[in-house]
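Residue-level structure breakdown
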Amino acid sequence: MVVTLMVKIKIFIRIYRKAQDPDNYHINFFGKKVLHSSVVSRIELAIFFGTIPFFLMSGAYFIARLVNFFLYKHL
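Residues numbered from 1 in each chain as written. Predicted model: local features only at pLDDT ≥ 70, side-chain atom pairs only at ≥ 80, totals over all residues. Heavy atoms only, no water.

Observations regarding the overall build of the protein
Using the following cut-off: Starting at the N terminus, helices and strands are each numbered in turn, a helix being any DSSP run of H or I of at least four residues and a strand any DSSP run of E of at least two. Using C-alpha atoms as the atom set, the radius of gyration is obtained and then compared with a globule rule of 2.2 Å times the number of residues to the power 0.38. Exposure is judged per residue with a 1.4 Å probe applied to protein chains only, and the accessible area is read against the type maximum: over 50% gives exposed, under 20% gives buried, and values in between give partly exposed. Whether two residues are in contact is decided by their heavy atoms: any pair within 4.5 Å suffices. Shrake-Rupley sampling with a 1.4 Å probe provides the accessible areas, and residues are treated as covered by the protein chains on show and by no other component.
Helix and strand counts for the protein stand at 3 helices and 2 strands. A compact globule built from 75 residues should have a C-alpha radius of gyration of about 11 Å, whereas the protein, at 19 Å, is more than 25% larger. Viewed in the frame of its principal axes, the protein has a C-alpha envelope of about 60 × 20 × 15 Å. The proportion of buried residues among the 75 residues of the protein is 12%. When contacts within the protein are restricted to residue pairs at least 6 apart in sequence, long-range pairs at least 24 apart make up 45% of them. Surface accessibility of the protein: about 6400 Å² in total, with carbon and sulfur atoms responsible for 73%.

Digging into the side chain of Thr4
One can find Thr4 in helix α1 (residues 2–20). With relative accessibility at 14%, the residue Thr4 sits in the buried group. Non-local contacts of Thr4, meaning those with residues more than four positions away in its chain, are made with Thr51, Phe54 and Phe55.

Set out below in structure tokens:
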């Protein structure tokens with residue numbers, strides 16, 4: 001769970017830093033600033049969404065262990 005969380009945080013930080021760079025913006029037809037699609041690569045997106053099932057399963061296991069500990073006083 002910690003590994004998948006660290007991967008997600010690292011990808012988020014990478015995307016956030018790219019989004020702060022003014023070279024990654026352009027003005028659309030309506031005069032609004034929008035990000036280029038190059039800010040997020042396909043592999044970053046695939047890794048981010050690919051780790052979601054593992055993160056959810058490990059989180060559910062962790063919560064189940066906590067409930068078991070608090071209700072029955074053993075792991």
